[in-house]
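# Summary of structural features
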Amino acid sequence: MSTRTSALDARVFGVDVQSGDVRGDAPSYALVVFDGETVERDVVSRRKLLRRVDSEEPAILATDNMYELAADKDQLVHFLRGLPEETKLVQVTGDERPEPLSRVAKRHGVPYGKPAMEEAEAAARLAARNVGYEVSAFTDETTVKVARGRSTGGGGGWSEDRFTRRIHGSVKRVARDVESDLDDAGLDYERDVTEKYGGFSNAVFTVQARPEDIPVSSRRSGDTRVEVEPVRRDGIEFKPLARRRDRVFVGIDPGTTTAVALVALDGRVLDVTSTRTADTAEVIEWIIERGRPVVVAADVTPMPATVEKIRASFDAAGWAPDTDLPVDEKQHRTREEGYDDDHQRDAMAAALFARDAHADQIRRATEETPPELDRGEVVSRVVGDDEPLAAVIDDLTETDEPEEEEVEHEPRELTDEERRMRDLEAQVARLQDHVADLEGELDEKDETIAEYEEELSEARREERQEARERREVTQLQWENDRLETELEEERERADELAAKLERLKDLWKLDHSNLGDVNHSGDLVAVKPVDQFTVDAIEAANDEYGIASGDVVYLRDASGAGRSTAELLAEFDPRVVLRSGGLSDAADEVLFENEIPVGPADDVTIREVDELAIASEPEVEAVIADWRERKAERERERKESMVDSIISEHRADRD
């Protein structure tokens with residue numbers, strides 16, 4: 001809510017190109033360091049300039065043209081990204097359509113000269129007075145991206161799966177840490193994650209804060225990397241260093257809830273607010289922040305004391321209707337405006353009706369004010385101070401004229417025709433100065449056009465060269481595509497041969513396994529070992545060499561399995577299950593119900609070679625036969641138990 005802020009107590013760097021061109025040879029810069037009192041002048045290279053900006057972190061880096069520091073928009077964005085957080089790039093000559101530096105310096109009373117060092121000093125002094133526009137390419141949003149720090153491609157098989165799962169798990173863990181840091185800092189953000197096998201492949205946080213306000217920094221560590229980047233605007237934005245305060249009509253609705261509305265001289269509603277807590281001083285400060293009142297208005301008559309007090313504090317004109325404004329008229333007048341409550345509506349209506357009452361004065365002042373005069377100042381004096389329009393224009397015009405030499409005699413009063421001629425002569429002089437400025441600008445533009453034409457000719461030559469190179473590249477790409485197709489075919493053939501080789505290795509292992517005392521009669525059967533009777537171990541064995549219906553499964557550790565694990569094994573429909581260790585009752589019941597034979601592994605001689613295992617077919621058959629006998633005995637016991645239960649129930653019913 002403060003008024004215009006001064007930068008005189010801050011360090012300002014003013015720069016201008018001394019020699020060279022940012023688009024060509026490495027330029028040198030005239031550098032002026034200004035901190036309100038002392039001035040340091042130096043000629044530096046671009047690299048030294050950037051080093052000094054980085055080390056000294058000035059509040060403002062001022063120039064008359066931002067493209068003296070970057071050749072194009074992309075380079076300008078890169079340059080802005082590299083500036084320290086505390087440093088602003090300021091173009092003192094305006095925004096998208098800058099003025100000549102000489103005109104801006106003259107308007108603000110700053111010394112100016114054509115040498116680069118004097119232009120750099122003028123830019124520094126203007127920026128220190130809050131003249132100019134801050135050049136911005138980024139919003140107040142920041143993206144924090146957590147992603148993989150390395151490729152997930154591996155050597156294949158289980159090792160690659162574990163490697164990928166580990167990386168994705170690390171990304172997920174770091175993303176949760178970042179989210180926790182943002183929550184602890186109380187920042188608003190949106191999260192977008194891409195889930196992959198084992199965790200996240202990346203997580204992007206869009207945070208409503210600038211990078212320097214976020215407790216996370218860019219880093220890269222092992223499996224993960226974190227990137228913190230400000231969100232770039234669609235274009236370049238210019239923000240004035242000093243906020244302009246235009247002349248306005250102010251409407252006030254006082255009471256328990258005080259509402260204030262500001263209307264521009266052209267009838268636009270600029271701002272409106274309502275509050276239950278602000279006192280008169282805070283209301284006045286809110287108005288000062290946003291404009292200079294010409295008229296302060298109320299929607300009732302007589303003007304309330306609070307409104308009169310605010311009017312007097314600005315020494316503005318007052319306006320009140322002849323009778324209290326009816327509600328329907330206020331609703332109709334504000335129908336195209338947005339408001340939150342009736343108090344804001346009444347304040348807007350007061351300002352709009354006051355502006356309507358002075359519409360003819362504003363229109364006439366706008367039409368008759370010369371272009372070189374401040375229209376807002378003219379309207380303010382005509383409407384606010386009730387001065388005649390002609391007198392105001394004469395007075396403002398005379399202030400621009402040089403003082404006449406004092407004479408001893410009393411000058412006579414000019415006639416209307418002489419006064420008119422004097423005004424026209426002054427206007428002609430001003431127009432001639434303006435024409436001279438325009439001719440200077442025209443010469444500069446002609447030089448610029450000549451430079452652009454030379455650059456265009458060079459660009460055309462480069463384009464022709466690039467076209468020839470593109471044709472050669474296209475031919476090379478065709479040849480490369482052909483070779484890549486042949487390479488892919490050879491790779492497929494190599495994969496087929498590798499698979500065939502693996503199959504041959506398996507057969508070789510069966511034919512040459514050193515089984516020692518196992519006979520060679522051919523009565524052998526393959527065994528599928530499972531390390532533990534758990535879901536993970538069963539799935540791992542199935543992934544490694546497959547478990548099919550009719551296979552012999554060997555459980556190296558059968559203890560601890562529950563019903564669900566036994567059901568998973570039963571789904572594979574093995575021929576027999578050989579176990580080491582005890583089997584739980586629940587698992588035994590499931591396998592029994594699914595008629596899957598189970599027997600001790602100690603009853604079978606199992607030989608293991610690497611991941612392969614074989615056993616004697618007769619011994620396996622003996623285990624199955626033994627299980628069938630136990631099954632028959634178990635079923636007889638069940639039937640006897642059932643008969644005993646029925647007899648007991650029958651006797652109980654008779655008693």
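Residues numbered from 1 in each chain as written. Predicted model: local features only at pLDDT ≥ 70, side-chain atom pairs only at ≥ 80, totals over all residues. Heavy atoms only, no water.

It is worth spelling out unusual backbone geometry at this point. Following Thr 301, the chain continues to Pro 302 via a peptide bond in cis, the omega torsion being 0°. By secondary structure assignment, the location of Pro 302 is in the loop between strand S14 (292-297) and helix H7 (305-314). Unusually for a residue other than glycine, Glu 57 sits at a positive phi of about 50°. Examined against the element boundaries, Glu 57 turns out to sit in the loop between helix H1 (46-56) and strand S4 (60-63). (Helix = DSSP H or I, 4+ residues; strand = E, 2+ residues; numbered from the N terminus.)

Here we take up the side chain of Arg 355. One can find Arg 355 in helix H9 (residues 342-357). Buried charged residue Arg 355 carries no salt bridge. Nearest counter-charge: Asp 356, at 4.7 Å. In terms of polar contacts, Arg 355 uses its side chain to reach the backbone carbonyl oxygen of Leu 265, at 2.9 Å. (Buried < 20%, exposed > 50% of the residue type's maximum accessible area, 1.4 Å probe, protein only. Lys, Arg positive; Asp, Glu negative; His and termini not counted. Salt bridge = Lys/Arg side-chain N within 4 Å of Asp/Glu carboxyl O. Polar contact = N/O pair within 3.5 Å; in protein donor to acceptor, adjacent residues only side chain to side chain.)

Before going further, it helps to examine the packing of helix H6 (residues 280-290) against H7. Between H6 and H7, whose axes approach to 11 Å, the crossing angle comes to 50°. Considering their axes alone, H6 and H7 lie oblique with respect to each other. The chirality of how H6 crosses H7 is right-handed. Counting all contacts with H6, which are made through Thr 280, Val 283, Ile 284, Ile 287 and Ile 288, the residues of H7 involved are Thr 306, Lys 309, Ile 310, Ser 313 and Phe 314. Taken together, the residues that form the contact of H6 with H7 break down as six nonpolar, three polar and one charged. (Axes fitted to C-alpha atoms, helices over the stretch in contact; angles between N-to-C directions. Parallel < 35°, antiparallel > 145°, perpendicular 65-115°, else oblique. Left-handed = near helix turned anticlockwise from the far one by under 90°. Contact = heavy atoms within 4.5 Å. Nonpolar A, V, L, I, M, F, W, Y, C, P; charged D, E, K, R; others polar.)

Let us now look at the pairing of strand S11 (residues 247-253). Across a regular strand the side chains alternate sides, sitting on one face of the sheet and then on the other. Counted residue by residue, S11 has seven buried out of seven residues, so it is predominantly covered. Burial of the side chains of S11 extends over both faces: Arg 247, Phe 249, Gly 251 and Asp 253 are buried on one face and Val 248, Val 250 and Ile 252 on the other. One ladder, built from six bridges, connects S11 with strand S12 (residues 258-264); its direction is antiparallel. Paired with Asp 253 across the bridge in S12 is Ala 259. (Pairing = 2+ DSSP bridges.)

Of all residues in the chain, 88% attain a pLDDT of 70 or more, and the chain-wide mean is 83. In the predicted structure, residues 399-412 sits below a pLDDT of 50 and forms four contacts with residues beyond four places in sequence or in another chain. When the criterion is pLDDT under 50, residues 512-520 qualifies, and its contacts beyond four places in sequence or with other chains add up to nine contacts. (pLDDT = per-residue confidence, 0-100.)

Looking at where Ala 261 falls in the secondary structure, it is placed in strand S12. Linking Ala 261 and His 343, residues 82 residues apart in sequence, is a C-alpha distance of 9.9 Å. Setting aside residues no more than four positions away along its own chain, Ala 261 makes contact with Phe 249, Val 250, Gly 251, Asp 271, Val 272, Ala 347, Met 348 and Ala 351.

Here we come to helix H2 (residues 73-82). Leu 76, Val 77, Phe 79 and Leu 80 are the residues of H2 that are buried. Viewed end-on, H2 has its buried residues packed into an arc of 160°, placing them on one side of the element. In H2, the exposed positions that point more than 90 degrees away from the buried face belong to Asp 74, His 78 and Gly 82. Its buried side turned inward, H2 meets H1, S4, strand S5 (88-91), strand S6 (133-148) and strand S10 (224-240). (Arc of directions from axis to C-beta.)

With that out of the way, let us pick up the packing of aromatic side chains. Taken as a whole and assessed by the stated rule, the structure comprises two aromatic pairs. Their ring planes at 65° and their centres at 5.8 Å tell us that Tyr 189 and Phe 205 sit as a pair that is edge-to-face. Within this pair, whereas Tyr 189 is found in strand S7 (residues 189-196), its partner Phe 205 is found in strand S8 (residues 199-207), the two being separated by 16 residues in sequence. Note on Tyr 189: relative accessible area 21%, which makes it partly exposed. Judged by relative accessible area, which is 0%, Phe 205 ranks as buried. If you follow Arg 634 out to its NZ or CZ, it ends over the ring of Phe 592, 4.1 Å from the centre. (Phe/Tyr/Trp six-rings, centres within 6.5 Å; stacked < 30°, edge-to-face > 60°. Lys NZ or Arg CZ within 6 Å of the ring centre and 35° of its normal.)

It is worth spelling out the pattern of salt bridges at this point. Opposite charge on two side chains lets them pair, provided their charged atoms get close. One pass over the full model with this rule turns up 43 salt bridges. A salt bridge links Arg 345 to Asp 346; its shortest N-O distance comes to 3.0 Å. Each member of the pair, Arg 345 together with Asp 346, is buried. Here the salt bridges do not stand alone but share partners, grouping Asp 299, Lys 330, Asp 342, Arg 345 and Asp 346 into one network.

It is worth spelling out the side chain of Arg 345 at this point. Examined against the element boundaries, Arg 345 turns out to sit in helix H9. For Arg 345, a relative accessible area of 7% translates into the label buried. One polar contact links Arg 345 to Asp 346, side chain to side chain, over a distance of 3.0 Å. Once residues lying within four places of it in the same chain are set aside, the contact partners of Arg 345 are Val 327, Lys 330, Gln 331, Thr 334 and Tyr 339.

The next point concerns the layout of surface pockets. Considering only enclosed or pocket space, the second largest pocket measures out at about 1500 Å³ in volume. Among the secondary structure elements, those contributing two or more residues to the lining of the second largest pocket are strand S1 (12-19), helix H3 (101-107) and helix H13 (416-512). Residues belonging to the lining of the second largest pocket are distributed by class as follows: 11 nonpolar, nine polar and 17 charged. (1 Å grid on protein atoms, 1.4 Å probe; cavity = no way out; pocket = protein on both sides within 12 Å on 5 of 7 lines; lining within 4 Å. Points joined across faces, edges and corners; volume = space filled by probe spheres on them.)

Inspection of the secondary structure assignment puts Val 294 in strand S14. Each C-alpha atom, one on Val 294 and one on Glu 377, is 9.6 Å from the other, the two residues being 83 residues apart in sequence. Aside from chain neighbours lying at most four places away, what touches Val 294 is Arg 247, Val 248, Ala 316, Ala 317, Val 379, Ser 380, Val 383 and Gly 384.

What follows deals with the sheet that holds S14. An order of S13-S12-S11-S14-S15 is seen for the five strands of this open sheet, with the pairing classed as mixed. Edge positions in the sheet fall to strand S13 (269-275) and strand S15 (317-319), since each of these pairs with one other strand and no more. Across the sheet, the mean angle separating the axes of adjacent strands is 25° when strand polarity is ignored. Relative to S15, S14 is paired through three bridges, and the arrangement is parallel. Its bridge partner being in S15, Val 295 is matched across the sheet by Ala 317. Against the sheet, helix H11 (residues 375-384) touches S11, S14 and S15, its axis set at about 30° to S14.

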